[in-house]
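Geometric and topological summary
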Amino acid sequence: MKKFRKSVLVIGVLLFSITFLSSAFAQEVPTLSDAEIASVAVVANQNDIDFAYIAMEKSENPEVVNFAKTMVADHQAVIDMAVELVTKLGVTPMDNAVSKQYRENAEATMDMLKSKSAMTFDKAYVDNEVAYHKAVIDAVKSVLIPQAENGELKALLEKALPILEAHLEHAEMLQKKL
Amino acid sequence: METFKPKMSGILFLLAFSMLFGCKNQEVYEPQTHMVEIIEMKFHPEELKVHKGDTVVWINKDLVSHDVTEVNKAWASPALANGDTWKKEITKNEDYFCSIHLIMKGKLIVD
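Note that the coordinates shown come from a computational prediction; the quantities given were computed from them, not determined experimentally. (Residues numbered from 1 in each chain as written. Chains lettered and ligands numbered in written order. Predicted model: local features only at pLDDT ≥ 70, side-chain atom pairs only at ≥ 80, totals over all residues.)

Considerations on the pairing of strand S1 (residues 33-39) of chain B
Residues and elements named next belong to chain B.
- Note: S1 against strand S4 (residues 55-60), six bridges, orientation parallel. Each residue of the ladder has a partner; that of Glu-37, found in S4, is Ile-59.
- Across three bridges, S1 lies against strand S2 (residues 42-44) in antiparallel orientation. The residue of S2 that forms the bridge with Ile-39 is Lys-42.
- From the end of S1 to the start of S2, which pair antiparallel, there are two residues, and Glu-40 there has a positive phi angle of about 55°. (Pairing = 2+ DSSP bridges. Helix = DSSP H or I, 4+ residues; strand = E, 2+ residues; numbered from the N terminus.)

A word on the pairing of strand S8 (residues 105-110) of chain B
Residue and element names in this part refer to chain B.
- Sheet topology places strand S3 (residues 47-50) next to S8; four bridges connect them, and they run parallel. Across the sheet, residue Glu-47 finds its bridge partner in S8, namely Lys-107.
- Across four bridges, the pairing between strand S7 (residues 94-97) and S8 is antiparallel. Bridging from a neighbouring strand, Phe-97 pairs with Lys-105 of S8.

Here's the deal with the packing of helix H2 (residues 34-58) of chain A against helix H5 (residues 118-147) of chain A
Residues and elements named next belong to chain A.
- Running from amino to carboxyl end, H2 crosses H5 at an angle of 170°, the nearest separation of the two axes being 11 Å. Judged by the inter-axis angle, H2 sits roughly antiparallel to H5. Contact residues: H2 offers Ile-37, Val-40, Ala-41, Ala-44, Asp-48, Phe-51, Ala-55 and Lys-58, while H5 offers Ala-118, Phe-121, Tyr-125, Asn-128, Tyr-132, Val-136, Leu-144 and Gln-147. (Axes fitted to C-alpha atoms, helices over the stretch in contact; angles between N-to-C directions. Parallel < 35°, antiparallel > 145°, perpendicular 65-115°, else oblique. Contact = placed C-beta atoms within 7 Å.)

As for the nonpolar core
- Ile37(A), Val40(A), Ala41(A), Leu144(A), Leu157(A), Ala160(A) and Ile163(A) are the most contacted members of the largest nonpolar core, which has 39 residues in total.
- Counting residues per element, the ones that place at least two in this core are H2, helix H3 (62-89), H5 and helix H6 (151-177) of chain A together with S1, S4 and S7 of chain B.
- In terms of residues, this core owes the most to one element, H6(A), which gives seven residues.
- Those residues in contact with Ala41(A) that lie beyond four places of it in its chain are Ala82(A), Leu144(A) and Leu157(A).
- Met71(A), Phe121(A), Val126(A) and Leu174(A) belong to the second largest nonpolar core, which has twelve residues in total. (Core = buried A, V, L, I, M, F, W, Y, C linked by C-beta atoms within 7 Å. Buried ≥ 20, exposed ≤ 12 C-beta atoms within 10 Å, placed from the backbone.)

Digging into the sheet that holds S8(B)
Residue and element names in this part refer to chain B.
- Taken together, the four strands give an open sheet; going across it, the order is S3-S8-S7-S5, and neighbouring strands pair in mixed fashion. The sheet terminates laterally at S3 and strand S5 (69-70), the two strands that pair on one side only.
- Bridge count between S5 and S7: two bridges; the pairing is antiparallel. Of the residues in S7, the one forming a bridge with Glu-70 is Tyr-96.

Thoughts on the interface of chain A and chain B
- Facing the 13 residues of chain A at the interface are nine residues of chain B.
- Secondary-structure elements contributing two or more residues to the side of chain A that touches chain B are H3 and H6 of chain A.
- For the side of chain A that touches chain B, the element with the most residues is H6(A), which contributes seven residues.
- Here the residues of the side of chain A that touches chain B are counted per class, giving eight nonpolar, two polar and three charged. (Nonpolar A, V, L, I, M, F, W, Y, C, P; charged D, E, K, R; others polar.)

Shown next as C-alpha cells:
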C-alpha cells in the first residue's frame, strides 16, 4: 500500500511538472516581426558557421572536418539567400531577445569548444551539433515559420528546414561513430 | 512474260530489303535520357530503372551545393550549385551518394 501511495505521488509530481513546464513554455513563445525573424535566422546560421571554424581548426578527424566544411558552406548559402531576400524586401534585420539569447548561448558554446583537448573535442563538437540543430529545427517549426508574415520569408524558412534536418541526421550518424 | 520476270524479282528484292530493314529498325534501341532532381536534400527518384546506354541527368534544385559520387568513388560529378546539371551514360547498376551530405543516397538499376 505504501509502495502504491509512493507511485501515485511520483506520477502526480511528474504530471504537475509536465503541465507547469508546458504552460511556462507556451507563455514564453516570443512574438516576432519579419525583421526580427530575419535577424534570428541570420544569427542561428552564423553561430553554426562559427562552431564549424573551431572544428576545422581543432579536429584531426577527416569526417568531422568534412562535416564542419559542409556546415560553413550550407549555412552561408542560407544567410546569402536571407540577405538577398531582405534586401529585395527593403527589410533591415532587427536584433531582438531571441537573437541576443542565441548569440549569448553561442559565445558560451564557443568557449566550451575552445577549452576542449584534441582527445575530447570531436565528441563535444558533434554532441553540440546534434543538440543545436534539434533546437533550431524546433524554433523554425514552432516559431519562425508560423509567425513569418511575408510569403517569401516563410518559403525561405521552409526551404531551410530540410537542410537543417539533413545536418541533424548527418551529425547523429557521426555521433554514433565517435 | 520475259519483261515480267525482272519486275517480279525486283519487287521481291525490295520486299525482302524492306523487311530486313524493318526488322533491324525494331532491334535498335534508342537510348533515353532520364532526369533525377536533387531537391529537399534527396535524390528524386532515389531509385531509377534505366536501360543500358541511357543517360541520366541530375539537376540541383536545392539552395545548397550537392554532388553525385559513386559509392566506391569510381566516378563523381563536380559540386553542383543551385540550377547546375550533370549527366552520365549508364552501362551497369550504380549506387551513389552525395559526398557533401552523406545521408543522401541513390541507386540506378539497369534492366
